Amino acid sequence: MEVWRKFARTAGSYFKRHRLLIVFSVFSLVILLFILIPLFKMVFLSNKEAIWQAVRDTTVLESIWLTLYAALITAAIGFVLGVPLAYILARHNFPLKGVVEGLIDLPIVVPHTAAGIALLFVFGRNYLLGKWFNAIGINFVDSLAGIIIAMLFVSVPFLINSAKDGFRKVDVRLENVARTLGASPWQVFRRVTFPLARRSIFTGTLMMWARGISEFGAVIILTYFPMVTSILIYQRFESYGLTQAVPVAAILVVVCALIFIGFRYILQREKKRD
Amino acid sequence: MRRIRQGIIALLLTGAIILSGCSGTSTKKSTLVVLEADSLMVPFAQIQTAFEQANPDINVELQPYGSIQAIRQVTELGQQADLVAVADETLVPMMMYQTKMANGQPYAGWDIESNTNELVLAYTATSKYADEINSSNWYQIISRPDVVFGLTDPRIDAVGYRTLMTLGLAATYYDDPTLVQDAVGSHFSMPITADTVNGTTTVSVPELLEPIDSHLVLRNADMELLALLQSGNVDYTIDYKSVVMQDGLNYIELPAEINLGDINEAQTYQKVTVNMDYQRFATVNPVFGGTPIIYGMTIPNNAQNPSDAIKFIQFVLGTKGQEIFNNCSQPEMVPPICDNVSALPNALKTLFH
């Protein structure tokens, strides 16, 4: 009896001391399971034989490879064009800045089929940019270029927003000190601002890459072939049914899990080093 | 501070209660879930309005899909629908009579065929050679290498394999034996072939369909091809007349012998077959014989609300419903036909005597 009372008291005081942590852990567990159970079920409960067959299927492998590198090129383009914009938004004020910041989020909000159609009416054969690019031999229908602009449109806000927050967190005084010590604005950006904001920028680029990999609605309007994995999964499902679609999805989930866990790990190690 | 916080919580709670109350009192309506073929969207939307006016206690939920997908929602994904309406009546026996639910019953046991449609060649004023195309040279123009032809994936959508049927029939009709290959077939890494033996054409679709040149654009659904057509990235595509008219596009009518829209030409249409070459993992019997375009409807055996579905079918087959369909260029079949009448719910049997 005494022991039990003592145990209850200790447990009670433990709970009191760590109430926040315990409550938050329970909530966290719910959302974690919500994310993980469907993914685990897809990977582990689908037919092993079918997964092996899909792993050896060159169409599947080529499609996953295409998706990964198209999204990577997209992230690189987003990096080159998005980081400067993020810097300006973080460091300078100009009229209608709030409007610009709101507009940048639009591609996340707009339904992606609509985004694809919107791109078609700019990069299509008969429209201004489409004509220019056509003249230099780039065509956006059924081509890698089409995949890239569709991915770019829907994913670049993630990078811009993340980089902007990163630049905002860099103390302006550090930049000023560097300037008074004789560094040029380029040098300040390269040696001070960018390195200090690099984690946010890297996370943003990673998010952008991930978002590109998952894109379906905008890509399918512009480019059915070459076939990105989201479309391949859909096409397999439509023409052969669930049994052929699930293994492809499972492989993509595993590949992406490895890549993204790897990058998180690198980010974590970097953080420790700082 | 605390008082403000309590105030906010109270406000949120009252809001939540009021909101849940609202939806709580209006749930007397029953819901009718209809999975429809994409090409039924326009007539069914009008029928929905009229039907809900006549039956204020029923809330119709229309969910458009490609026809094969609409059926798969029920047979593979376990969605409980009250009515399935597809653009090819042969799909219902093929995919729903033969697949069984957990209790051993098939997903459906009958099929009502009530409306037709026809294929036309759609284009816009900016399509290449739009100024010279007409009903006698269209098949030559879509075969020109500098024209972009849009094809719906025949493995996914009924319009796709029907386009191949029309082209197969046209090859005989215009005495142009390489028409299928020139217009679509030879522009894939593994070609779509067409062989005519004794006046019967067999079109074979390989398992892998990957366009190899810019003459051909393949998409999973006609909706996407129409967007490409309207933005000038595709010059011509073959699609249902109703859809093309609803989009306000230019079109060329095709002869009754090849447009799959005339029930009296059913004999002629039998002279083409589309073979899908994917035995490896077929869940659909991949041979499609040429038939007139006829829409099919059925109530799945696991429907939650079959009584409202019966009312909806009665409405579709009634005067108002058929007036809407006729106005949408999806003309009625007189009389409508039912496959396997003995399995039909009694309330509908009276319509088929």
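What you are looking at is a predicted structure, and each value in this text was computed from that prediction instead of being measured. (Residues numbered from 1 in each chain as written. Chains lettered and ligands numbered in written order. Predicted model: local features only at pLDDT ≥ 70, side-chain atom pairs only at ≥ 80, totals over all residues.)

### Considering the domain arrangement of chain B
Residues and elements named next belong to chain B.
So, point 1. Domain annotation of chain B identifies domain 1 (28-115 + 293-349) and domain 2 (119-289).
So, point 2. Taken over C-alpha atoms, the centre of domain 1 sits 27 Å from the centre of domain 2.
So, point 3. Listed by partner, the interface residues are 15 residues for domain 1 and 17 residues for domain 2.
So, point 4. Elements that contribute at least two residues to the side of domain 1 that touches domain 2 include exactly helix H3 (67-75) and helix H4 (91-97).
So, point 5. The residue makeup of the side of domain 1 that touches domain 2, split by class, is eight nonpolar, five polar and two charged. (Domains from an automatic or database assignment. Contact = placed C-beta atoms within 7 Å. Helix = DSSP H or I, 4+ residues; strand = E, 2+ residues; numbered from the N terminus. Nonpolar A, V, L, I, M, F, W, Y, C, P; charged D, E, K, R; others polar.)

### Examining the packing of helix H11 (residues 306-317) of chain B against helix H12 (residues 319-327) of chain B
The angle between the axes and the distance between the axes are what describe a pair of packed helices.
Residue and element names in this part refer to chain B.
So, point 1. It is the contact of H11 with H12, at a shortest axis distance of 4 Å, that shows an interaxial angle of 60°. In terms of orientation, H11 and H12 fall into the oblique class. Residues Phe 315, Val 316 and Leu 317 of H11 form the contact with H12, whose participating residues are Lys 320, Gly 321 and Gln 322.
So, point 2. Residue classes in the contact of H11 with H12 are distributed as three nonpolar, two polar and one charged. (Axes fitted to C-alpha atoms, helices over the stretch in contact; angles between N-to-C directions. Parallel < 35°, antiparallel > 145°, perpendicular 65-115°, else oblique.)

### Some words on the interface of chain A and chain B
So, point 1. Counting residues at the interface gives 20 residues for chain A and 22 residues for chain B.
So, point 2. A total of four residues in the side of chain A that touches chain B trace back to one element, the largest contributor, which is helix H12 (residues 229-240) of chain A.

### So, the sheet that holds strand E10 (residues 236-240) of chain B
Residue and element names in this part refer to chain B.
So, point 1. Here we have five strands laid out as an open sheet, ordered E9-E6-E10-E5-E11, and mixed in their pairing. Because the sheet does not close on itself, it has two edges, and the strands there are strand E9 (216-219) and strand E11 (250-253). Direction aside, neighbouring strands of the sheet carry axes that sit 35° apart on average.
So, point 2. Packing against the sheet, helix H6 (residues 158-173) makes contact with strand E5 (119-123), strand E6 (149-152) and E10, and its axis sits at approximately 125° to E6.
So, point 3. Sheet strands in contact with helix H8 (residues 222-230) are E5, E6, E9 and E10, and its direction is about 165° off that of E6. (Pairing = 2+ DSSP bridges.)

### Some details on the pairing of strand E4 (residues 111-116) of chain B
The side chains of a regular strand alternate, first on one face of the sheet and then on the other.
Residue and element names in this part refer to chain B.
So, point 1. Across the six residues of E4, five count as buried, placing the element largely inside the fold.
So, point 2. When E4 meets strand E15 (residues 332-339), the two strands line up antiparallel, connected through four bridges. Following the sheet pairing, Glu 113 is matched in E15 by Ile 337. (Buried ≥ 20, exposed ≤ 12 C-beta atoms within 10 Å, placed from the backbone.)

### Things to note about unusual backbone geometry
So, point 1. In this chain, Phe 225 of chain A is followed by Pro 226 of chain A through a cis amide linkage whose omega measures -5°.
So, point 2. The residue Pro 226 of chain A is located in the loop between helix H11 (217-222) and H12 in this model.
So, point 3. Residue Pro 335 of chain B is bonded to the preceding Val 334 of chain B through a cis peptide linkage, with omega at -10°.
So, point 4. Turning to its location among the elements, Pro 335 of chain B is positioned in strand E15.
So, point 5. Positioned with a positive phi, Leu 96 of chain A is a non-glycine residue whose angle comes to about 65°.
So, point 6. Along the chain, Leu 96 of chain A turns up in the loop between helix H4 (58-91) and helix H5 (97-109).
So, point 7. Phi is positive for Asp 175 of chain B, close to 55°, though the residue is something other than glycine.

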